[in-house]
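# Architecture and fold: a report
One-letter residues, chain by chain:
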Amino acid sequence: MCKIIKLILGTIIIIFSTFPASAKGYQNFKVAIYCRAQEVNQMGDVNWLKSRWDEISSQVHVDKVYLETHRDVVLVDEKTIEAAKKFFRERGVQTAGGITYTILESNRFQTFCYSKPESRKRVKEIAEYTAGFFDEVILDDFFFTNCKCESCIKAKGDRSWSDFRLDLMKGAARNLVVGPAKAVNPKVKVVIKYPNWYEHFQGCGFNLEAQPKIFDGIYTGTETRDPVYTDQHLQQYESYLIFRYFENIKPGGNGGGWVDTGAMKYMDRYAEQLWLTLFSKAPEITLFDFRRASGPIPDDLKAPWQGQKTSFDYDEMMKPIKLPDGETANPTTMARPAGYSFEVVDKFLGKLGNPVGVKSYKPYHSTGEDFLHNFIGMCGIPMDLMPQFPEEANVIFLTESAKFDKDITAKIKKQLVDGKTVIITSGLYKAMQGKGIEDIVELQIGDEKTITNQFWRRRDFWGRSGKVYESKSPIVLPEIKYLTNDSWEEVSCLASGIGYPVLHSADYAKSRLYILAIPDNYGDLYNLPAEILTQIRDVVAKDMYVRLDGPSQVALFVYDNDTFIVESFRDEPVDVKIIADIRFTKLSDIITAEELSGEPIATQPRLFGRPAPSPDKNVFKISIKPHSFRVFKCE
Ligand SMILES: [Zn+2]
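Small disclaimer: the values here were computed from a predicted structure and weren't measured.

Let's shift gears to the overall build of the protein. Each helix and strand in the protein was counted, giving 18 helices and 32 strands. Relative to its length of 635 residues, the protein is compact, with a C-alpha radius of gyration of 26 Å against a globular reference of 26 Å. Projected onto the principal axes, the alpha-carbon positions of the protein cover approximately 80 × 75 × 45 Å. Long-range pairs, those at least 24 residues apart, make up 75% of the contacts in the protein between residues at least 6 apart in sequence. Mean positive and mean negative side-chain charge positions of the protein (81 and 85 charges, respectively) differ by 3 Å.

Okay, here's the thing in structure tokens:
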């Protein structure tokens, strides 16, 4: 008897141990697939659906599907929606509804008009219809308006398009979507998914100030695609930053991140978007969409750096997948790169605490130095973007968008009087010029530019004298002009025999204001020499327990439990140094269990006539493979 039980138990254990992650589900997040109305429309045909679903679900574990009822005037009928719900319910997969409020996506994302009565009526009907089927409904990217019909022109009146549309869509959220949906189904949770162009939302009426309070939840578009060969030119870091930003807008109410398979030149880029979404601690990740997840794996996305055991190992991804029944499945669809990417990071995500970064403030509906925070993140400075001024923070980084707060200068002054550090960009200083910022320090930032490839670092950690470092290509920087002995160059650039500040500082009350010169082309931040970037990091990230010393396009993700991730987006291997607080003498690689010991250094400058400062940091040298990350615990 006992023997038999042991035998049965043994068999059960063997079965479970051979289950792939795709069958078990992931420990640290849920996975959803979004199904467009065009595909849901075909789900009445069970054979059509079953063959596709069996294929997808053998490649990636899926906890939930979003079944869209409307897109581009396609409305799925009741019978089909019920058939699809039944299909997934029988397989233990959660269902939620989806709505895309587009008239014709391919016509420059033609949205609904929210001024004309008949169009408003249709918006409301779709919300009511969908809430009748589901207890959760998500709106895909398009609950905005770009309509400039005569009704909208008339309704706008003297207001700006942004002001008009912000107000219009706030009302539409409450009166045409959330209110009517809840009237039909009081239990329904209505979620708005915002896309990746957060800097420009106000122009089309996405209202980040009012709407997250109206909707039960928000959701984040973390797709960044190729930073160069797409019209948006979004930086990789945004897949992390935007989730954190939206989480700060609705704490605990940001349901997940959302990634599609569009516009990538190599498969690692897809994995990077999924990983950064999860590094931001998104509880759920949605794959857009069912059609693409059923599509074949393109054969031209294997990157030239493959074969070096990088974080996304293409050959590993293409290996047969073990299924629960003992059979194996071959990677066939785009669901597999997702499944493989999830398995890679699920092993350690649970060991990471809450993400932390340098606090930066972006007032609601603000713009200026668009998306710059992501470039700073790509330079190895962890960013934590928020909609409220973080007065409790010891260090605050502000870009031009902060000018939308009319009290920004007073707020900066207060931080400095309280002994806290503020770093502002040249763009913010320029925007506030003549509006009282001279009260802190008198600078002149006009339209004059300098073009240079030489940068001067006047000291380094080891107390050596200054040295000139060259950038890969010339960089166009604003000329910051200042009054001698009133404020000071911390990092300079040299041009035709003279120089200008790159990082400049001015004492005020108990603290110091720093001004960072931002190149005309933000991408030139990546061309700054590593030694110069490191000196900028030493100021901006001075309060972080770990900092990076190395070139750009290596990002640092820091957590509040002494763990961190270093990820390189470079096509070649890179050596970087980790500068950790002196209390940390060892770094443990969470993936490989390798242990690294540090070398103590003093980072404070030796002041004239004073003894050399004692070591305050430990330096650890690490190498990172192309498009790869390493995960560490500080001990
Ligand atoms: Zn209109």
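Our focus in this paragraph is the coordination of the zinc ion. The coordination sphere of the zinc ion, as far as protein atoms go, consists of Cys-113 (SG), Cys-147 (SG), Cys-149 (SG) and Cys-152 (SG), spread over 2.3 Å. Considering all four donor atoms around the zinc ion, the spread of angles at the metal, 102 to 116°, places the coordination shape in the tetrahedral class. Of note, the donors binding the zinc ion are all from one chain and are spaced C-x33-C-x1-C-x2-C. The same class applies to Cys-147 and to Cys-152, which are both buried.

The first and last C-alpha atoms of helix H11 (residues 268-279) sit 16 Å apart over twelve residues, in line with the 16 Å expected at 1.5 Å per residue. In terms of burial, H11 is a largely internal element, twelve of the twelve residues being buried. Those residues of H11 that sit buried are Asp-268, Arg-269, Tyr-270, Ala-271, Glu-272, Gln-273, Leu-274, Trp-275, Leu-276, Thr-277, Leu-278 and Phe-279. One or two steps after H11, the chain reaches Lys-281, where phi turns positive at roughly 70°.

Where the residue is not glycine, phi is negative for most of them; where a peptide bond is considered, it is trans in most cases. The amide bond that connects Phe-288 to the next residue, Asp-289, takes the cis arrangement and shows omega of 0°. Along the polypeptide, Asp-289 turns up in the loop between strand E11 (284-288) and helix H12 (290-293). We note that His-365 has phi near 60°; this positive angle belongs to a residue other than glycine. Even without a glycine there, the phi angle at Glu-369 is positive, about 45°. Relative to the assigned elements, Glu-369 resides in the loop between strand E15 (358-361) and helix H15 (372-378).

Right, let's talk about the pattern of salt bridges for a bit. Following the criterion strictly, the structure yields 48 salt bridges and no others. Of the charged contacts, one joins Arg-159 and Asp-167 as a salt bridge, the two residues approaching to 3.4 Å between their closest N and O atoms. Residues joined by salt bridges that share partners form a network here, namely Glu-68, Arg-71, Glu-105, Asp-140, Asp-141, Lys-193 and Glu-223.

On to the nonpolar core, then. Ranked by size, the top nonpolar core spans 188 residues in total, and within it Tyr-101, Phe-143, Phe-279, Phe-342, Leu-398 and Val-566 carry the most contacts. When near neighbours in sequence (up to four residues on either side) are disregarded, Phe-279 contacts Tyr-240, Val-345, Phe-348, Leu-349, Pro-355, Phe-557, Tyr-559, Ile-565, Glu-567 and Phe-629. One finds Ala-32, Ala-96, Val-191 and Tyr-219 within the second-largest nonpolar core, a separate group that totals nine residues.

Counted under the stated rule, the structure contains 49 aromatic pairs. Here Tyr-129 and Phe-133 contribute two aromatic rings whose centre-to-centre distance is 5.0 Å and whose plane-to-plane angle is 80°, an arrangement assigned as edge-to-face. By relative accessible area, Tyr-129 is classed as partly exposed at 23%. Their ring planes at 50° and their centres at 5.4 Å tell us that Tyr-237 and Tyr-240 sit as a pair that is tilted. Put simply, the rings of Phe-109, Phe-142, Phe-144, Tyr-194, Trp-197, Tyr-198, Phe-201, Phe-206, Tyr-245, Phe-246 and Phe-371 pair up and form one aromatic cluster. The ring of Phe-87 carries Arg-91 above its face, with NZ or CZ at 3.6 Å from the centroid. Sitting over the ring of Tyr-229, Lys-265 keeps its end group 4.1 Å from the ring centre.

Here we take up the side chain of Asp-260. By the element assignment, Asp-260 lies in strand E10 (residues 254-260). At 2.5 Å, the side chain of Asp-260 and the side chain of Arg-225 are in polar contact. Within the local environment of Asp-260, its side chain forms a polar contact with the backbone nitrogen of Gly-262, the two atoms lying 2.9 Å apart. Once residues lying within four places of it in the same chain are set aside, the contact partners of Asp-260 are Glu-223, Arg-225, Tyr-270, Gln-273, Phe-288 and Arg-292.

Further remarks concern the pairing of strand E24 (residues 546-549). Along E24, one buried face is formed by Val-546 and Leu-548 and the opposite face, lined by Arg-547 and Asp-549, is buried too. As judged from the four bridges shared by E24 and strand E27 (residues 574-581), these two strands associate in the antiparallel manner. Note on E27: the bridge partner recorded for Leu-548 is Ile-578.

This next bit is on the layout of surface pockets. In this structure, the second largest pocket occupies an estimated 660 Å³ of space. What lines the second largest pocket is a set of 28 residues, and nearest its centre among them are Phe-109, Asp-141, Phe-142, Trp-197 and Arg-225. For the lining of the second largest pocket, the secondary-structure elements that each account for two or more residues are E10 and H12. Among the residues making up the lining of the second largest pocket, the classes are represented as eight nonpolar, seven polar and 13 charged.

Moving on, we come to the pairing of strand E25 (residues 554-559). Judged by how many residues are buried, E25 sits mostly within the fold: six of six residues are covered. Residues of E25 alternate between two faces, with Val-554, Leu-556 and Val-558 on one and Ala-555, Phe-557 and Tyr-559 on the opposite face, all of them buried. Alignment of strand E14 (residues 355-356) against E25, held across two bridges, turns out to be antiparallel. Pairing of Val-356 across the sheet is with Val-558, part of E25. With five bridges connecting them, E25 and strand E26 (residues 563-568) associate as antiparallel partners. Along E26, the bridge assignment pairs Ala-555 with Glu-567.

So, about the environment of Asn-185. Here Asn-185 shows up in the loop between helix H8 (161-184) and strand E8 (189-194). For Asn-185, a relative accessible area of 10% gives the class buried. Between the C-alpha atom of Asn-185 and that of Leu-513, which follows or precedes it by 328 residues, the distance is 53 Å. Setting aside residues up to four positions removed in sequence, Asn-185 forms contacts with Ala-131, Phe-134 and Asp-135. A distance of 2.9 Å separates a polar atom in the side chain of Asn-185 from a polar atom in the side chain of Asp-135.

Attention now goes to empty space enclosed by the protein. This model, assessed by the stated rule, comprises three cavities of 30 Å³ or more. The space that makes up the largest cavity amounts to roughly 70 Å³. As for the largest cavity, its lining consists of Tyr-198, Phe-201, Gln-202, Phe-206, Leu-208, Tyr-245, Lys-362, Pro-363, Tyr-364, His-365 and Ser-366. Grouping the amino acids of the lining of the largest cavity by side-chain chemistry returns seven nonpolar, three polar and one charged. What the second largest cavity holds in volume is close to 50 Å³. When residues in the lining of the second largest cavity are grouped by element, the largest group, three residues, is from helix H18 (residues 530-540).

On the basis of which strands lie adjacent, the open sheet formed by nine strands has the order E16-E15-E17-E18-E23-E22-E21-E19-E20 and mixed pairing. Only two strands of the sheet have a single neighbouring strand rather than two, namely strand E16 (383-386) and strand E20 (467-482). Each strand axis lies, on average, 30° off the axis of its neighbour in the sheet, ignoring direction. Sheet topology note: the strand E22 (residues 498-508)/strand E23 (residues 511-516) ladder contains six bridges and is antiparallel. If you follow Ala-506 over to E23, its bridge partner there is Leu-513.

Cut-offs applied
Residues numbered from 1 in each chain as written. Predicted model: local features only at pLDDT ≥ 70, side-chain atom pairs only at ≥ 80, totals over all residues. Heavy atoms only, no water. Helix = DSSP H or I, 4+ residues; strand = E, 2+ residues; numbered from the N terminus. Rg over C-alpha atoms; globule rule 2.2 N^0.38 Å. Contact = heavy atoms within 4.5 Å. Lys, Arg positive; Asp, Glu negative; His and termini not counted. Charge placed at Lys NZ, Arg CZ, Asp CG, Glu CD. Donors = N, O, S within 2.8 Å, 3.2 Å for Na, K, Ca; no water. Tetrahedral: all angles 85-135°; square planar, octahedral: opposite > 155°, others 65-115°. Buried < 20%, exposed > 50% of the residue type's maximum accessible area, 1.4 Å probe, protein only. Expected span 1.5 Å × (residues − 1). Salt bridge = Lys/Arg side-chain N within 4 Å of Asp/Glu carboxyl O. Core = buried A, V, L, I, M, F, W, Y, C linked by side-chain atoms within 4.5 Å. Phe/Tyr/Trp six-rings, centres within 6.5 Å; stacked < 30°, edge-to-face > 60°. Lys NZ or Arg CZ within 6 Å of the ring centre and 35° of its normal. Polar contact = N/O pair within 3.5 Å; in protein donor to acceptor, adjacent residues only side chain to side chain. Pairing = 2+ DSSP bridges. 1 Å grid on protein atoms, 1.4 Å probe; cavity = no way out; pocket = protein on both sides within 12 Å on 5 of 7 lines; lining within 4 Å. Points joined across faces, edges and corners; volume = space filled by probe spheres on them. Nonpolar A, V, L, I, M, F, W, Y, C, P; charged D, E, K, R; others polar. Axes fitted to C-alpha atoms, helices over the stretch in contact; angles between N-to-C directions.

What is shown is where atoms sit, not what they do.
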